[in-house]
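# Breakdown of the fold
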Amino acid sequence: MLVISILRKITAIVLSFFVLMWSGTLFGGGNENVQNTENYNLNFTVLSDVHMEGNNTKTFKMFSKILKDIKNNVQSNAVVFLGDNTMNGQEIENLFFYGFISLIDPAEKIYTAMGNHDTGNGINKYAELSERFWSYYKDFTGESVSDKPYYYREVNGYLFIFLGSEQDNVNSSFVSQEQLEWLEVLLNSNDETGRPVFVFNHHPYNYLAVTANAAELERILTQHRNVFYLGGHTHTTKVNFETLDEDSYSINLPRCTDESDDYANNDAGLGVQIYVFDNEVHIRARRYYASQWANYEFTYAVR
């Protein structure tokens, strides 16, 4: 397995180097339109639906610009991907996704949820492709995960919780009762700290395979304090900031590698930059491939 890991890394970096050189996006990406927030405890980026393909030059260019903007301009402590990192879960797609990240090195920590396209998008190869997904994740980030598609990490003292579908579903996550109980234990523990907690899943909170489990997830999210749930999948043309109750929130993000010239009416290409302070969470939307802040800017009090 060690030999396979080393070969993957070498192949990914070499392939990505030549692709980025050929596309003219390996270098550059200086400070532009930065306007950074300062004096935060944590500063991280959230992106969704890269959909890396093995022959898509447009995605190559956009993804490299996104990563360089994060590295050079917003300077995140961590980057979180909400899944659908690849279009079909193929080896070449995973090699390019992680090869670009390895070459550009946008942040110290890289985390990801698993999306339906990462496991084949309904082609009944969930077991094989989910194993591949986590294998690449471990090889390139050094982050070990269990045999479950969900896990958590602590980043600068704040809890990041990653949910994941346990079956091959396209337009919904299959989140078992066991996974929901695991989530609630973590949120109970976090309540004692009084700190914001961030829950990530590829699908929006109400896109669960079983209606009863969707209702249960919403109940869990709203019974705890300072909860931020972030999902993608829908390729929405409007970023959806939703207040679930007085201190629980949901954010649905578009595909980060979609391009838009209609910035006033189309949120394609946006991700969010999240700044965490002692008493508030500040969220700013950004079109990273263009190094431009968007109109969305929200501040939430920590209760």
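The structure contained in this document is the topic of the report that follows.

Here is what the cut-offs are and how they apply
- Residues numbered from 1 in each chain as written.
- Predicted model: local features only at pLDDT ≥ 70, side-chain atom pairs only at ≥ 80, totals over all residues.
- Heavy atoms only, no water.
- Helix = DSSP H or I, 4+ residues; strand = E, 2+ residues; numbered from the N terminus.
- Polar contact = N/O pair within 3.5 Å; in protein donor to acceptor, adjacent residues only side chain to side chain.
- Contact = heavy atoms within 4.5 Å.
- Pairing = 2+ DSSP bridges.
- Axes fitted to C-alpha atoms, helices over the stretch in contact; angles between N-to-C directions.
- Buried < 20%, exposed > 50% of the residue type's maximum accessible area, 1.4 Å probe, protein only.
- Right-handed = clockwise from strand over helix to strand, strands pointing away.
- Salt bridge = Lys/Arg side-chain N within 4 Å of Asp/Glu carboxyl O.
- Expected span 1.5 Å × (residues − 1).
- Phe/Tyr/Trp six-rings, centres within 6.5 Å; stacked < 30°, edge-to-face > 60°.
- Lys NZ or Arg CZ within 6 Å of the ring centre and 35° of its normal.

## Observations concerning the side chain of Ser-76
As for its placement among the helices and strands, Ser-76 is situated in the loop between helix H2 (57–74) and strand E2 (78–81). Only 2.5 Å separates the side chain of Ser-76 from the side chain of Thr-45, close enough to count as a polar contact. In this view, Ser-76 contacts Asn-43, Phe-44, Thr-45, Ile-70, Pro-106, Ala-107 and Gln-273; residues no more than four positions away in its chain are not counted.

## Details of the sheet that holds strand E8 (residues 240–245)
Pairing between the strands of a sheet comes from backbone hydrogen bonds, and it takes one of two forms, parallel or antiparallel. Taken together, the six strands give an open sheet; going across it, the order is E4-E5-E6-E7-E9-E8, and neighbouring strands pair in mixed fashion. Unpaired on one side and paired on the other, strand E4 (151–155) and E8 mark the two borders of the sheet. Strand-to-strand, the axes of this sheet are offset by a mean angle of 20 degrees, without reference to chain direction. Taken together, the five bridges between strand E7 (residues 227–231) and strand E9 (residues 248–252) define a ladder with parallel strand orientation. Counted as the bridge partner of Tyr-229 is Ser-250 from E9.

## Digging into the pairing of E7
With five of five residues buried, E7 is to be regarded as a mostly interior element. Of the two faces of E7, both are covered, the one formed by Val-227, Tyr-229 and Gly-231 as well as the one formed by Phe-228 and Leu-230. Crossover strand E6 (residues 197–200) to E7 through helix H6 (residues 211–222) is right-handed.

## Here's the deal with the pattern of salt bridges
Scanning the model with the defined rule gives twelve salt bridges in all. Here Glu-259 makes a salt bridge to Lys-58, at a shortest N to O gap of 3.9 Å. With Glu-259 in the loop between E9 and strand E10 (271–276) and Lys-58 in helix H2, the pair connects residues that are 201 residues apart, well separated along the chain. Overall, the relative accessible area of 47% leaves Glu-259 in the partly exposed class. Overlapping salt bridges, with partners in common, bring together Glu-91, Glu-128 and Arg-132 in one network.

## Focus: the pairing of strand E5 (residues 158–162)
Counting buried residues along E5, five of its five residues qualify, which places the element largely inside the surrounding structure. Neither face of E5 is exposed, since Tyr-158, Phe-160 and Phe-162 on one face and Leu-159 and Ile-161 on the opposite face are all buried. As defined by bridge partners, E4 adjoins E5 across five bridges and the pair is classed as antiparallel. In the strand pairing of E5, Tyr-151 is matched with Phe-162. Taken together, the four bridges between E5 and E6 define a ladder with parallel strand orientation. Counterpart to Phe-162 in the pairing with E6 is Phe-200. Handedness of the β-α-β unit built from E5, helix H5 (residues 177–191) and E6 comes out right-handed.

## What about unusual backbone geometry?
Despite not being glycine, Asp-84 shows a phi value in the positive range, around 55 degrees. With respect to the element layout, Asp-84 can be found in the loop between E2 and helix H3 (91–104). Notably, His-235 is not glycine yet its phi reads approximately 55 degrees, a positive angle. Inspection of the secondary structure puts His-235 in the loop between E7 and E8. By relative accessible area, which is 30% here, His-235 ends up partly exposed.

## Concerning H2
Residues three or four positions apart in an α-helix share a direction because the helix packs 3.6 residues into each turn. Between its terminal C-alpha atoms H2 stretches 25 Å, which fits the 26 Å expected from 18 residues at 1.5 Å a residue. Those residues of H2 lying buried are Thr-59, Phe-60, Met-62, Phe-63, Ser-64, Ile-66, Leu-67, Lys-68, Asp-69, Ile-70, Asn-73 and Val-74. Where H2 starts, the residue carrying a side-chain oxygen 3.2 Å from the main-chain nitrogen of Lys-58 turns out to be Asn-56.

## Re the packing of aromatic side chains
A complete count under the given rule lists 36 aromatic pairs for this structure. Relative to Phe-100, the ring of Phe-63 has its centre 6.2 Å away and its plane inclined at 20 degrees; by these criteria the two rings are stacked. Placement of Phe-63 in helix H2 and of Phe-100 in helix H3 is noted, with a sequence separation of 37 residues between them. Relative accessible area serves as the criterion here: at 0%, Phe-63 is assigned to the buried category. Classification of Phe-100 as buried rests on a relative accessible area of 0%. Centroid distance Phe-228 to Tyr-300: 5.4 Å. Interplanar angle 75 degrees. Geometry classified as edge-to-face. Linking Phe-228 in strand E7 with Tyr-300 in strand E12 (residues 292–301), this pair joins segments that are 72 residues apart in sequence. On the accessibility criterion, Phe-228 (2% relative accessible area) is buried. Taking relative accessible area as the criterion, Tyr-300 reaches 11% and is therefore assigned buried. In this structure, Arg-284 is placed above the aromatic ring of Trp-293, and the distance from its NZ or CZ to the ring centre is 3.8 Å.

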